[in-house]
Number of protein chains: 2
Amino acid sequence: MRIFWWILSLGISFPACGEEGLWTFDHFPSAEVAKAYGVKIDEAWLDHIRLSTLRLTNCTAVFVSGDGLILTNHHCIESCLAELSFKDDSLLERGFVTAKRTDERRCATQLADVLVSTEDVTAKVVNALQGLGFKAANEARKKLLIGLEADCEHASARRKEGPLKCQAVTLNDAEYSIYKYQHYQDLRLAFAPEGRIAAFGGDPDNFEFPRWSLDFALLRAYDKDRPARTPNHLQIDFRGPQAGELVFVAGNPGFTERRQTRSQLEFERDIELPAALLRLAELHGRLVQFADDTTADRQLVEGPLDSLENNLKVRRKLLDALHDDSLLERRSTEERELRARVPMDGPDPWNEVEKASERERDLYTREHLIEGGVGFNSILFRYARLLLRAADERAKPNSQRLREYTDASLPRLEQLLFARIPVHDRVEELTLSSSLARMRDWLGPDDPIVHRLLIKDSPASLATRLVAETKLDDPAVRLELWQGGKRAVDASLDPMIELARSLDGDARSLRREIEDEVEAPVAAASLRIAEARRKVYGAAVYPDANFTLRLNYGTVQGWTEKGASIGAFSYLDRAFERASGVEPFALPDSWLKVTDSLDLHTPFCLSTSNDIVGGNSGSPLIDSAGHLVGLTFDGNIHSIAGAYWFDAARNRAVSLHPAIIRLALEKVYGAQALLQELSDQ
Amino acid sequence: MRIFWWILSLGISFPACGEEGLWTFDHFPSAEVAKAYGVKIDEAWLDHIRLSTLRLTNCTAVFVSGDGLILTNHHCIESCLAELSFKDDSLLERGFVTAKRTDERRCATQLADVLVSTEDVTAKVVNALQGLGFKAANEARKKLLIGLEADCEHASARRKEGPLKCQAVTLNDAEYSIYKYQHYQDLRLAFAPEGRIAAFGGDPDNFEFPRWSLDFALLRAYDKDRPARTPNHLQIDFRGPQAGELVFVAGNPGFTERRQTRSQLEFERDIELPAALLRLAELHGRLVQFADDTTADRQLVEGPLDSLENNLKVRRKLLDALHDDSLLERRSTEERELRARVPMDGPDPWNEVEKASERERDLYTREHLIEGGVGFNSILFRYARLLLRAADERAKPNSQRLREYTDASLPRLEQLLFARIPVHDRVEELTLSSSLARMRDWLGPDDPIVHRLLIKDSPASLATRLVAETKLDDPAVRLELWQGGKRAVDASLDPMIELARSLDGDARSLRREIEDEVEAPVAAASLRIAEARRKVYGAAVYPDANFTLRLNYGTVQGWTEKGASIGAFSYLDRAFERASGVEPFALPDSWLKVTDSLDLHTPFCLSTSNDIVGGNSGSPLIDSAGHLVGLTFDGNIHSIAGAYWFDAARNRAVSLHPAIIRLALEKVYGAQALLQELSDQ
């Protein structure tokens, strides 16, 4: 905080400091690294790291052998474990160990992408938008980018290595690229430890350090039913890094708002976060009580509970961060500084954003509940809306569709629609009735939609009836509606489809209002702010995170908390001390029965000053030689505020130490073949 | 908002405007009323109203006959209805109608007080504190006021009308009085409608207008087993008031913070309200799910759910109010204005309050959970702590005890301890485990108390064991420990007593820290701010609400909401239109079967611009002639922000119209004797 202030008041032109920075691979500040650490990062190093790093659905992963072996976090493949489980045999609980490759089992919904190249299309976008008003520009930009994505995919379909997946990416509110990915669709589970050790400490220890969670798992990419050939992969250095050593994290940070204006942060503090927290806390209470009441059902809600608890903790800390007035004050200072240094024609863009945020305060709640679907929290409702909208949208030309129904998006939609996700009626009733009740709370009983749905029904009775009568839990029914297109969907009398249909006109207009009255003016103003920032700081501004590939550097170090020094490493001995035997502090038998054979001084986790956020889970921690020296799975509690700013003094990434990975595979799980494959390079 | 600003910038010396003002009876602005409305309010009028108005445990009520008949809100006597109910016969559900006085049934825990006189003791306090530092002054003031209360009660014990109840009251942070109350201990239920009509619209309609909740009930005060003689009572004018008519509300507004500083409001916005909302939302989710799962248990949690929903709505709207930056800005402006007009020696008192608020940010969470008991939400735990502390405190001289264990407080404690409140194990386990889980969330697993309690237990297993093993659900066990005093409590091995004992040292130090480091410096600084305010505005500043008797004036009027005009009255016809038959919009059979005989144009509720807050429930709405023309039971949604400021344009009180009271008693419930008693005056 003090450092940031100091830079601004001296007007120094390099706004990122210390280990801050979510750099794209083509603008990595190698010169700064060379100057500060005497380490040379060249193009070959960067290319090798980039081609070894993968993007999963919500996480990062890394190739660790030439035969497609992938290392990522256990918590990143929980849905795969759930898919491969049976009622009396939960892989989440007992883990999964293979003796040979033929035992590896496919995760149907798991996908992985490797970024092979990027193409700058900024000039095309700028040309296309010239002279347009902000609403028209917002529309035109979306259409152009959809078209460029589609062109890229068509062109790549002729490649002999297989077609590429193309994604339009906006950086810094002002730069546009097409990112091209090699795509892996056949991923198989090779190893996972028991949930008890993977998530040791559970929600209480989440975002804490020191830490003892064995949060890793191994997948393997297959190509035509054979292990994929992956010459670009990282070799593991099981010794791990030294305290103070320079380390890098490559991965896909999900979302930061370090360039948002003060008024946008205030909107989040006042409206978005409190509403989300209240909704999630209520739902959490219902799920906990559901699990408490009928022990047999507990495992139905374990997955949702874990993710809800993580979600609540993150948002609670985000709100705390926004309640620190000095953060907002710093944002104002930055805005004043830019205003003073770059005289602008036309209306002040920060005021324009503020006006749009004011408008969003009026529109947000209803739009979020009805178009955002937050008032209809049900897997079955999401199927219904997806089928309904896809039928309408697929009938339009690609570039005129809603963003999430373009040709490039359809494979993902099909995957969502046909994945073997178990639907449990009682859980559906719970989540749907809870969200309907929240909608009534927030919109009031006289809102037209609330009135129509809930005048003759309670949230619970409506949810129960819808869940009981819909047939969308049957994949065959969904398939028929998907294939039958608009005619089949229009003819459907399924009550969930009817609900989605009855909402759709309102939902689309609410979305349109947000797009035209909030998104469009914000995009126009943000572009002008971004241009001003570039004039002052040049290319040394890194873009906010958006779940695309980034690289950053830091060092192995702990931090100081309320005067006490926290070391950079945790060790195995304290995991055994902490293990009280009661969840979430219970170790699995596999560990308890080999305790005597383990070296208790083995490092378990480590803290580094890398700048990471959610989405970086599963990222490789890399040394200057390009070796893997850790597997990032979390940040400390201060890293949550990293959504808004990087606190160099306290923001830390938390990684699994490679020594504990070796110990686990060798001494606990007897996974000698996999260990051999990881070592043999 | 604009009005307030305008007054400040012109430096006009009367800070309350329009209908704003929570006036004590001895500083009621009769001259202003005469000037604005041409109505003369004299001492006799004021005395009559004061002596007709009662204070209940959390509400207000009013005498409406010379035989002790009391009118208040249905929602104010829910605990009485619960006490008088049996498992298969819920008075909350079916209501209670008496044909004759001998059918009236006593509510054991209901008490009522009438303010008979007040004594200004400011000079005594000022003298006693001269020359003391702020910690010593804070302690000395508490002791002195405890002593003055006790002296007053001893002196009054010799009165032939019976002993008075005495309460030390602080007004405007700078004035001290002893309030003397006539005390009614024998209150009996005479009439209550069914819960369905009393709370028609439920939580969705709570704080809304127009409104159709028949929220009234009748009690009777008894004295030596005979109806009390109550010459001071209000006559009901069943015609009700006209639109635009001047009306008064007498009652006990609970709590406002209109004089708190900006930093105190920010503390509430950032720390207190978000924590409370999250805790309550989670608990709400658990209770809803509990009620959903096992229908037989639903009625166990109906009462807690109602109060929780009210609580959540209020706090949500309080947070919204604090998120309006213009409110905080107005507070800053007022502070600057006062600073500019009253030069002060010594440190700036607003800065002193801000420093204390900063300190409170560090201390609050742990103190609130452990000393405040929010981490141990259980009736049985509250019994345990009460018994433990009372044993320790009663062994000390009266003036050295914790505030809530003085001689004057003991009768209330005994009442709490021995009331017939049903304790349901499963509900206790639910509330206790939910609060233990929140405590672990907020303090982290390594907090010493959390670690000690929850290292070998989950919140659920600890709660289950404590609830199963304690004997404190047995009133005889509680009585024995209460009578056995310190020796008996020290010897007790009851696990709930042991838990309270194991926390008590920490809990008391946390409280001491808050008292010395927050409360004491705030009291000292607030006194200086209050003195400055008095210099500028004179006696025309009304004190913040503190659940003592106040009077305010307003007129019958609706308001404008988003451009639409909302009328001042609701009528019976729309209640029938709104009645969908599904809770909470279901009317009871008693109404449905007489519909044809009812005049549907009967006014139901009315909106007035009186300044009321929680605690005013059950307040008489009074016309200039001193007749009762309504029964206040709610405010509109904007009235919630009345905790911080009075928005003359939109803040409205909501009262039951006397015409609907007459219609209900006469046509629906056939309560002719009661109606006769109300009419016969």
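Throughout this description, residue numbers start from 1 for each chain and increase along the sequence as written. Written order decides the labels, with chains lettered from A and ligands numbered from 1. In keeping with the predicted nature of the model, local features appear solely for residues at pLDDT of at least 70, side-chain atom pairs appear and are counted solely at 80 or more, and the whole-chain, interface and lining totals rest on all residues. As a rule here, side-chain values cover all heavy atoms of the structure and leave hydrogens and water aside.

A. Expanded view of the overall build of chain A. Each helix corresponds to a stretch of at least 4 residues labelled H or I by DSSP, and each strand to a stretch of at least 2 residues labelled E; elements are numbered beginning at the N terminus. Broken down by element type, chain A carries 24 helices and 20 strands. Taking 26 Å as the expected radius of gyration for a compact globule of 681 residues, we find that chain A reaches 25 Å, a close match to that expectation. Principal-axis analysis of the C-alpha atoms places the extent of chain A at approximately 65 × 65 × 55 Å. In this scheme, a residue with accessible area under 20% of its type's maximum is buried, one over 50% is exposed, and one in between is partly exposed, where area comes from a 1.4 Å probe on protein chains only. Across the 681 residues that make up chain A, the buried fraction comes to 59%. Whether two residues touch is decided by their heavy atoms; if any such pair falls within 4.5 Å, the residues are in contact. Sequence-distant contacts in chain A: of pairs separated by 6 or more residues, those separated by 24 or more amount to 79%. Only carbon and sulfur atoms are counted for the fraction: they give 52% of the accessible area of chain A, which is about 27200 Å². Here Asp and Glu are counted as negative and Lys and Arg as positive; His is not counted, and neither are the chain ends. Charged side chains are reduced to one point each, which is NZ for Lys, CZ for Arg, CG for Asp and CD for Glu. One finds the centroid of the 85 positive side-chain charges in chain A at a distance of 3 Å from the centroid of its 105 negative side-chain charges. Between the two quantities, the radius of gyration covers C-alpha atoms and the globule rule is 2.2 Å times the number of residues to the power 0.38. The protein chains shown are the only cover counted for residues, whose accessible areas, like all others here, come from Shrake-Rupley with a 1.4 Å probe.

B. Examining helix H3 (residues 43-52) of chain B more closely. Residue and element names in this part refer to chain B. Buried within H3 are the following residues: Trp-45, Leu-46, Ile-49, Arg-50 and Ser-52. Along the axis of H3, the buried residues cluster in a sector spanning 170°; they form a single face. Seen from the buried face of H3, the exposed residues on the opposite side, beyond 90 degrees, are Glu-43 and Ala-44. Note that the arc is computed from the directions linking the helix axis to the C-beta atoms.

C. Layout of the packing of helix H15 (residues 410-418) of chain B against helix H19 (residues 475-491) of chain B. Residue and element names in this part refer to chain B. To obtain an axis, a line is fitted to C-alpha atoms, over the contacting stretch when the element is a helix, and the angle between two such axes runs from 0 to 180 degrees between their N-to-C directions. Their axes nearest at 9 Å, the elements H15 and H19 cross at an angle of 150°. Considering the angle they form, H15 stands roughly antiparallel to H19. Touching Leu-410, Leu-413, Glu-414, Leu-417 and Phe-418 of H15 are Pro-475, Arg-478, Leu-479 and Trp-482, all from H19. Orientation categories follow fixed angle ranges, with anything under 35 degrees roughly parallel, anything over 145 roughly antiparallel, 65 to 115 roughly perpendicular, and all other angles oblique.

D. Spotlight on the interface of chain A and chain B. Counting residues at the interface gives 42 residues for chain A and 42 residues for chain B. Take a side-chain nitrogen of Lys or Arg and a carboxyl oxygen of Asp or Glu: if they are within 4 Å of each other, that pair is a salt bridge. Taken together, chain A and chain B are joined by six salt bridges. With a closest N to O distance of 3.6 Å, Arg-269 of chain A and Asp-325 of chain B form a salt bridge. Top contributing element to the side of chain A that touches chain B by residue count: helix H10 (residues 262-293) of chain A, with 16 residues.

E. Broad picture of the relation of the copies chain A and chain B. Fitting of the copies onto one another was done by least squares over C-alpha atoms, counting residues only where both copies have pLDDT of at least 70. Mapping chain A onto chain B calls for a screw motion: a turn of 180° about the axis and a shift of 0.0 Å along it, with 0.0 Å RMSD after fitting. Interpreted geometrically, this transformation is the action of a two-fold axis. The fraction of interface residues of chain A whose copies in chain B are also interface residues reaches 100%, indicating that both copies meet through the same surface.

F. Here's a closer look at the state of the cysteines. Residue and element names in this part refer to chain A. When two cysteine sulfur atoms are found within 2.5 Å, that pair is recorded as a disulfide. Applying the stated rule across the entire model yields six disulfides over all chains. The disulfide partner of Cys-80 is Cys-107, and the S-S distance across this bridge is 1.9 Å. Where Cys-80 bonds to Cys-107 through sulfur, the torsion about that S-S bond is close to -40°, and the disulfide is left-handed. One end of the pair, Cys-80, is in helix H4 (residues 78-83); the other, Cys-107, is in the loop between strand E5 (105-106) and strand E6 (112-120), and 27 residues separate them in sequence. For the residue pair Cys-80 and Cys-107, the accessibility class agrees, reading buried in each case. Sulfur-sulfur distance for the disulfide between Cys-152 and Cys-166 comes to 1.9 Å. Across the S-S bond linking Cys-152 and Cys-166, the dihedral sits near -60°, which makes this disulfide left-handed. Of the two residues, Cys-152 sits in helix H7 (residues 134-156) while Cys-166 sits in strand E7 (residues 165-171), which places them 14 residues apart along the sequence. With respect to burial, Cys-152 and Cys-166 carry one shared label: buried. Looking at the unpaired Cys-605, the closest cysteine sulfur is the one in Cys-76, lying at 15 Å.

G. Looking closely at the sheet that holds strand E16 (residues 569-571) of chain A. Residues and elements named next belong to chain A. The strand order across the open sheet built from seven strands is E13-E12-E18-E19-E20-E17-E16, with neighbouring strands paired in antiparallel fashion. Looking along the sheet, the strands with just one partner apiece sit at the ends: strand E13 (550-555) and E16. Averaged over all pairs of adjacent strands, the angle between strand axes in this sheet comes to 30°, irrespective of strand direction. At least two DSSP bridges between two strands are required for those strands to pair.

H. Region of the structure containing unusual backbone geometry. In this structure, Pro-210 of chain A follows Phe-209 of chain A across a cis peptide bond, with omega equal to 0°. With respect to the helices and strands, the residue Pro-210 of chain A is situated in the loop between helix H9 (202-205) and strand E10 (217-223). With a phi angle near 65°, Phe-207 of chain A is a residue other than glycine that sits in the positive phi range. With respect to the helices and strands, the residue Phe-207 of chain A is situated in the loop between H9 and E10. One non-glycine residue, Phe-547 of chain B, adopts positive backbone phi at about 60°. Turning to its location among the elements, Phe-547 of chain B is positioned in the loop between helix H20 (495-537) and strand E13 (550-555). Among the residues examined, Phe-547 of chain B registers a relative accessible area of 18% and is labelled buried.

I. Expanded view of the pairing of strand E19 (residues 628-635) of chain A. Residue and element names in this part refer to chain A. Burial within E19 is extensive, with eight of its eight residues counted as buried. Hairpin connection from strand E18 (residues 619-622) to E19: five residues lie between these consecutive antiparallel strands, with Gly-626 at a positive phi of about 85°. In terms of strand pairing, E19 meets strand E20 (residues 653-656) through four bridges, oriented antiparallel. Each residue of the ladder has a partner; that of Gly-635, found in E20, is Ala-653.

J. Structural view of the sheet that holds E13 of chain B. Residues and elements named next belong to chain B. The antiparallel open sheet is built from seven strands, whose spatial order is E13-E12-E18-E19-E20-E17-E16. The strands lining the two open edges of the sheet, one partner per strand, are E13 and strand E16 (569-571). Within this sheet the neighbouring strands show an average axis-to-axis angle of 30°, counted without direction. Pairing analysis gives two bridges linking E16 to strand E17 (residues 603-608), with the strands arranged antiparallel. Its bridge partner lying in E17, Phe-569 is registered against Leu-606. Sitting on the sheet, helix H2 (residues 30-37) is in contact with strand E12 (246-251) and E13, with an inclination near 10° to E13.

K. Quick peek at H20 of chain B. All names here are of chain B. Along H20, the sharpest change in direction is near 45° and occurs at Asp-504. We define a polar contact as two N or O atoms separated by no more than 3.5 Å, with the added condition that, inside protein, one atom must be a possible hydrogen donor and the other a possible acceptor, whereas residues neighbouring each other in sequence contribute only through side-chain atom pairs. N-capping of H20 is provided by Asp-494, with a side-chain oxygen placed 3.0 Å from the backbone N of Met-496. One or two positions beyond H20, positive phi appears at Gly-538, with a value near 65°. By definition, a residue's bend is the angle between the axes fitted to the seven residues ending there and the seven starting there.

L. A look at the side chain of Ser-607 of chain A. Residues and elements named next belong to chain A. With respect to the helices, strands and loops of the structure, Ser-607 is situated in strand E17 (residues 603-608). For Ser-607, a relative accessible area of 0% gives the class buried. Side-chain polar atoms of Ser-607 contact the backbone oxygen of Gln-557, separated by 2.7 Å. In contact with Ser-607, other than residues within four places in its own chain, are Phe-209, Thr-555, Val-556, Gln-557, Gly-558, Trp-559, Ala-568, Arg-652 and Ala-653.

M. Summary view of the side chain of Ser-177 of chain A. Mapped onto the secondary structure, Ser-177 of chain A falls in strand E8 (residues 175-184). In this structure Ser-177 of chain A touches Glu-119, Asp-120, Val-121, Gln-167, Ala-168 and Val-169 of chain A, once residues within four positions along its chain are discounted.

N. Just the packing of H10 of chain A against helix H11 (residues 298-322) of chain A, in detail. Residues and elements named next belong to chain A. Look at H10 against H11: their axes get within 9 Å of each other, and the N-to-C directions meet at 155°. As the angle between them shows, H10 and H11 are arranged roughly antiparallel. Remark: the crossing between H10 and H11 carries left-handed chirality. Here the contact of H10 with H11 is composed, by residue class, of 19 nonpolar, two polar and seven charged. Rotating anticlockwise by less than a right angle from the far helix to the near helix defines a left-handed crossing, while the corresponding clockwise rotation defines a right-handed one. Residues were grouped as follows: Ala, Val, Leu, Ile, Met, Phe, Trp, Tyr, Cys and Pro as nonpolar; Asp, Glu, Lys and Arg as charged; and all remaining residues, including Gly, as polar.

O. Structural detail: a negative patch on the surface. Residue and element names in this part refer to chain A. Patch definition: residues above 30% relative accessible area lacking any salt bridge, with like charges linked at up to 9 Å and the nonpolar side chains Val, Leu, Ile, Met, Phe, Trp and Tyr linked at up to 5 Å. Together, Asp-26, Asp-42, Glu-43 and Asp-120 line one region of the surface with negative charge. Mapped onto the elements of the fold, Glu-43 is located in helix H3 (residues 43-52). Residue classification places Glu-43 among the exposed positions, given a relative accessible area of 55%.

P. Focus on the pairing of E13 of chain B. All names here are of chain B. Among the six residues in E13, six count as buried, and that is most of the element. The side-chain alternation of E13 yields two buried faces, one formed by Arg-550, Asn-552 and Gly-554 and the other by Leu-551, Tyr-553 and Thr-555. With six bridges joining them, E12 and E13 adopt antiparallel strand pairing. Among the inter-strand pairings, Phe-248 is bridged to a residue of E13, identified as Tyr-553.

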